[in-house]
Amino acid sequence: MLSELINPYYLQIASFILLNIILGVSIYITLATGQLSLGHAGFMSIGAYTSAILTLNHNVPLVLGIVIAAVFTGLVGVIIGFPALRLHGVYLAIATLGFGEVIRVLFVNWENLTNGAIGIANIPHLGREILTLSKDIGFEPAALGLRNNQFISLAVFLLLLIITIAVIWFFIRQNNSRIGRAYASIKMDEQASEAMGINITYYKILAFGQGALLAGFAGALYAHMTAYISPSDFDYHRAVEILIFAIFGGSEVIWGPIFGAIFLSSLPEVLRSVSEYRFMIYGALIVFMMAFRPQGLIDMNVMNWLKRSKSKKKEGKHGTGSKENQ
Amino acid sequence: MLIEQLINGLTLGSIYVVVALGYTLVFGVLNIVNMGHGEIFMFGAFMGVVVTNSLELPLYVAFIIAIVVTAILGYFLERVALRPLRGKDGVSHLAPLISTIGVSIFLENAAHHLFGAGNKPFRTSFSDMSFTVGTTTVYYVQILIFVIAILLMAGLMFWLSKTKAGKALRASAEDLSVASLLGVNTKRMITQTVILASAMGGIAGILVGLAFNSVNPQMGLSFGLKGLAIIILGGLGNVRGAMAGGLILGLAETFVVAYGASGYRDAIAFIAIIVILIVRPQGIFGTATSGSRG
């Protein structure tokens, strides 16, 4: 019964949507301090290559490889964050764009490590690792009535779902903490927050590092989900694609980029016939959004409205209506 | 050998200058980085291919058609992506950057559908014509490119410094609202500037087609990014800086290719801007302003 419900193809698409959500959150964090980065594809590639090379050439366990890749990318982000502090707006966007291109050219040319433009193949696959692991402890997918490939896709999807929920939960918690409030205040007005005693340097670099760490983490996951990476997977178009999640969904609240990632990555699957024109639609969409709704689809007002209508429903159910009595 | 490389570098550099001037003009007046410029430039190059290869018309017709088409594209870019954002409350200064990225994605993929993804040859009757002085071979195409670039630069300098329209443009670059108070039709000025910049992009497109004999939809991106790097090198909005920056980059790239590390050719521009932005954010020729901190 279960085996008929599980379609590996749809699960794979769902997994990539989850991956895009993580990427959307990663660009949201840097945007939360008002820093526009076009270098997230570069960070992603650093994570992907680090984990791929560690697990392939140095026999590092897969989980450890992903963790090391994420931490390493985070450190690179911090190092990039220092000079980035001096730059604002357009200058920062172009400098990070340049960073992404330099990383890409580096990976194309560093042939004895990265295999150049051909890319790295046969990277240990996340799902297959889980399969061998579960077989080692004596669990057979057949016990659930699943074929191996179904089990692999299901395992990857569930793992990513857990990770994505954990990531979202963490950053929602952070938003309500000292750090999140500092980010919001820096985004509003840097000088004023500095005058209020917020350590701008620390928080801006923290935001940059967090964004890089998350992008690197997503990159490492990507490498182990596709089992093949090449520098062209992480070019300018990828950076723009990640940015569009936040632009389309909105970068004021964390649900914006999440919604953007879900909507935009499922769009070509839903509208198969227009997938050829996907990027043209993307382009037109960006122009349209900037002209009519520059803050993105989901902003504070939408969130408040959603909350209000939810609480109204609750009040109606229980019939207390305490607010009207006040 | 050295002189040949020098000529190659100057040819490449003068193309870069023409590309970068398009960015500089728009930034100077609007304080906007027009990310769509590279793709408009690429359309100019494709117009050259269509006219000289498919229609088999002479080169000067290609120039005219490329200029007309890119000027129209520039007009639409201004109308669709820039004008709606101007003077609107609550629009961040990054909005125009992002909306022109949208235009660039649209145009790049439109070119994919219109002209196909692969390389298109750009054949003209005198592509291979050359003469030899001593041991160095010089192609006529290189001279043509260099002359056109010099003419454009000189014309632009003259136009900016001596004519009334140029003065109005410089006044708008200084302060849009004050210029408007003093009777400059700034709305028209902005549209004119974007159209002028785009037309220069069209010319640059044909020059690239002539120099490299091949045109593809991705070239807008690679040349566009380099144009961006050049205007940062030379100082944003600085016309002389863009000229010097373009020539420097052209020479640097040619010599890197000539002396080994050809794979890293495309990284030079970006390494240079990262260094420049950290050490001297106003650019080599820029004057120290609060621009980079704005």
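What counts and how
- Residues numbered from 1 in each chain as written.
- Chains lettered and ligands numbered in written order.
- Predicted model: local features only at pLDDT ≥ 70, side-chain atom pairs only at ≥ 80, totals over all residues.
- Helix = DSSP H or I, 4+ residues; strand = E, 2+ residues; numbered from the N terminus.
- Rg over C-alpha atoms; globule rule 2.2 N^0.38 Å.
- Buried ≥ 20, exposed ≤ 12 C-beta atoms within 10 Å, placed from the backbone.
- Contact = placed C-beta atoms within 7 Å.
- Nonpolar A, V, L, I, M, F, W, Y, C, P; charged D, E, K, R; others polar.
- Expected span 1.5 Å × (residues − 1).
- Axes fitted to C-alpha atoms, helices over the stretch in contact; angles between N-to-C directions.
- Parallel < 35°, antiparallel > 145°, perpendicular 65-115°, else oblique.
- Left-handed = near helix turned anticlockwise from the far one by under 90°.
- pLDDT = per-residue confidence, 0-100.
- Core = buried A, V, L, I, M, F, W, Y, C linked by C-beta atoms within 7 Å.
- Arc of directions from axis to C-beta.
- Pairing = 2+ DSSP bridges.

*Asks:* Explain the overall build of chain A to me, please; I cannot follow it from the model alone.
*Replies:* Within chain A, the regular secondary structure consists of 16 helices and 0 strands. Over its C-alpha trace chain A gives a radius of gyration of 21 Å, about what one expects of a compact globule, namely 20 Å for 326 residues. For chain A, the spread of C-alpha atoms along the principal axes amounts to about 60 × 55 × 40 Å. Here chain A holds 326 residues, and the buried ones make up 45% of them. Once local pairs closer than 6 in sequence are excluded, the contacts in chain A between residues at least 24 apart make up 81%.

*Asks:* Would you explain the overall build of chain B in this entry?
*Replies:* Within chain B one finds 11 helices and 4 strands. A compact globule built from 294 residues would reach a C-alpha radius of gyration of about 19 Å, and chain B, at 19 Å, matches this within 12%. Along the first, second and third principal axes, the C-alpha atoms of chain B reach 60 × 45 × 35 Å. Every one of the 294 residues in chain B was classed for burial, and the buried ones make up 51%. Intrachain contacts of chain B at a sequence separation of at least 6 include 76% that bridge at least 24 residues.

*Asks:* I'm lost on the interface of chain B and chain A in this one. Help?
*Replies:* Note on interface size: it is often stated as the accessible area lost on association of the parts. Between chain B and chain A, the residue contacts involve 39 residues of the former and 32 residues of the latter. Among the elements of the structure, helix 3 (59–82), helix 4 (95–115), helix 9 (219–234) and helix 11 (265–279) of chain B are those that each provide at least two residues to the side of chain B that touches chain A. By residue number, the principal contributor to the side of chain B that touches chain A is helix 4 of chain B, which donates 11 residues. The class makeup of the residues in the side of chain B that touches chain A is 29 nonpolar, 8 polar and 2 charged.

*Asks:* Sorry, what's going on with helix 4 of chain B here?
*Replies:* Owing to its 3.6 residues per turn, the α-helix brings residues three or four apart onto one side. Residues and elements named next belong to chain B. With 21 residues, helix 4 should cover 30 Å at 1.5 Å per step; its first-to-last C-alpha distance of 30 Å lies within 8% of that length. Counting buried positions over the 21 residues of helix 4 gives 16, a clear majority of the element. Looking one or two residues beyond helix 4, the residue adopting positive phi is Gly116, at roughly 90°.

*Asks:* What exactly am I supposed to notice about the environment of Trp255 of chain A here?
*Replies:* Residue and element names in this part refer to chain A. Secondary-structure assignment places Trp255 in helix 13 (residues 255–270). A count of 19 C-beta atoms within 10 Å places Trp255 in the partly exposed class. Distance in space between the C-alpha atoms of Trp255 and Val25 is 8.7 Å, their sequence separation being 230 residues. Apart from residues lying up to four places away in sequence, Trp255 is in contact with Ile298 and Met303.

*Asks:* How should the packing of helix 9 of chain B against helix 10 (residues 239–258) of chain B be read in this particular structure?
*Replies:* Think of two packed helices as two axes; the pair is described by the angle between the axes and how far apart they sit. Residue and element names in this part refer to chain B. It is the contact of helix 9 with helix 10, at a shortest axis distance of 8 Å, that shows an interaxial angle of 120°. If you check the angle between helix 9 and helix 10, you find them oblique. Handedness of the crossing formed by helix 9 with helix 10: right-handed. Along its contact with helix 9, which presents Lys226, Ile230, Ile231, Leu233 and Gly234, the element helix 10 presents Gly241, Ala242, Ala244, Gly245, Gly246 and Leu249.

*Asks:* Help me out: how do you make sense of the confidence of the model for chain B in this one?
*Replies:* Detailed reading of the predicted coordinates is not advisable wherever pLDDT is low. All names here are of chain B. Per-chain confidence: chain B averages 83 in pLDDT, with 94% of residues scoring 70 or above. Averaged pLDDT values for the elements of chain B fall to 76 in strand 2 (residues 130–133) and rise to 90 in helix 3. Across the whole predicted complex the pTM is 0.85, and at the interface the ipTM reaches 0.80.

*Asks:* Hey, could you run me through the nonpolar core in this one?
*Replies:* Across soluble globular proteins, you tend to see nonpolar side chains buried next to one another. Ile15 and Ile273 of chain B are the most contacted members of the largest nonpolar core, which has 184 residues in total. Once you skip the residues sitting within four places of it in the chain, Ile15 of chain B turns out to touch Ile145, Ala149, Ala204, Leu207, Val208 and Ala211 of chain B.

*Asks:* What exactly am I supposed to notice about helix 14 (residues 278–292) of chain A here?
*Replies:* If you check helix 14 of chain A, its first and last C-alpha atoms are 21 Å apart, about what 15 residues at 1.5 Å a residue would give, namely 21 Å. Among the residues making up helix 14 of chain A, those that are buried are Tyr282, Gly283, Ile286, Val287, Met289 and Met290 of chain A. Buried residues of helix 14 of chain A, seen end-on, are gathered within an arc of 160° and therefore sit on one face of the element. Close packing links the buried residues of helix 14 of chain A with helix 12 (236–249) of chain A together with helix 3 and helix 4 of chain B.

*Asks:* Explanation requested: the pairing of strand 3 (residues 136–139) of chain B in the structure shown.
*Replies:* Consecutive side chains of a regular strand alternate in pointing toward one face of the sheet and then the other. Residue and element names in this part refer to chain B. Taken together, the 4 bridges between strand 2 and strand 3 define a ladder with antiparallel strand orientation. Paired with Phe131 across the bridge in strand 3 is Val138. Between strand 2 and strand 3, which pair antiparallel in sequence order, lie 2 residues; one of them, Gly134, sits at a positive phi of approximately 65°.

*Asks:* Explanation requested: the packing of helix 5 (residues 89–109) of chain A against helix 9 of chain B in the structure shown.
*Replies:* Between helix 5 of chain A and helix 9 of chain B, whose axes approach to 11 Å, the crossing angle comes to 125°. With respect to helix 9 of chain B, the axis of helix 5 of chain A lies oblique. For helix 5 of chain A against helix 9 of chain B, the interelement crossing comes out left-handed. Each of Ile94, Leu97, Gly98 and Glu101 of chain A in helix 5 of chain A lies in contact with helix 9 of chain B, whose residues at this interface are Leu225, Leu228, Ala229 and Ile232 of chain B. Counted by class, the contact of helix 5 of chain A with helix 9 of chain B contains 6 nonpolar, 1 polar and 1 charged residues.

*Asks:* In this structure, what is going on with the confidence of the model for chain A? I would like to understand it.
*Replies:* Summarising the model, chain A shows a mean pLDDT of 85, and 93% of its residues fall at 70 or more. The low-confidence segment residues 319–326 of chain A (pLDDT under 50) makes 2 contacts with residues lying over four places distant or belonging to another chain.

*Asks:* Can you walk me through unusual backbone geometry in this structure?
*Replies:* Phi is mostly negative for residues that are not glycine, and the peptide bonds are mostly trans. Residues and elements named next belong to chain A. The phi angle at Asn59 is positive, at roughly 55°, despite the residue not being glycine. Along the chain, the position of Asn59 falls in the loop between helix 3 (40–57) and helix 4 (62–84). Classification of Asn59 as exposed rests on a count of 9 C-beta atoms within 10 Å. Of note in the backbone geometry, Asn122 takes a positive phi value of approximately 60° without being a glycine. Given 9 C-beta atoms within a 10 Å radius, Asn122 is considered exposed.

*Asks:* Hey, could you run me through the environment of Val49 of chain B in this one?
*Replies:* Residues and elements named next belong to chain B. Within the secondary structure, Val49 is located in helix 2 (residues 37–54). Given 23 C-beta atoms within a 10 Å radius, Val49 is considered buried. Sequence-wise, Val49 and Arg123 are 74 residues apart; in three dimensions their C-alpha atoms are separated by 7.9 Å. When residues no more than four places from it in sequence are discounted, the contact partners of Val49 are Lys120, Phe122, Gly209 and Val215.

*Asks:* Explain the environment of Ile179 of chain A here, please?
*Replies:* Residues and elements named next belong to chain A. Turning to its location among the elements, Ile179 is positioned in helix 9 (residues 178–188). Of the residues examined, Ile179 has 18 C-beta atoms within 10 Å and is grouped as partly exposed. If we ignore the near neighbours within four places in the chain, the residues touching Ile179 are Gln174 and Tyr203.

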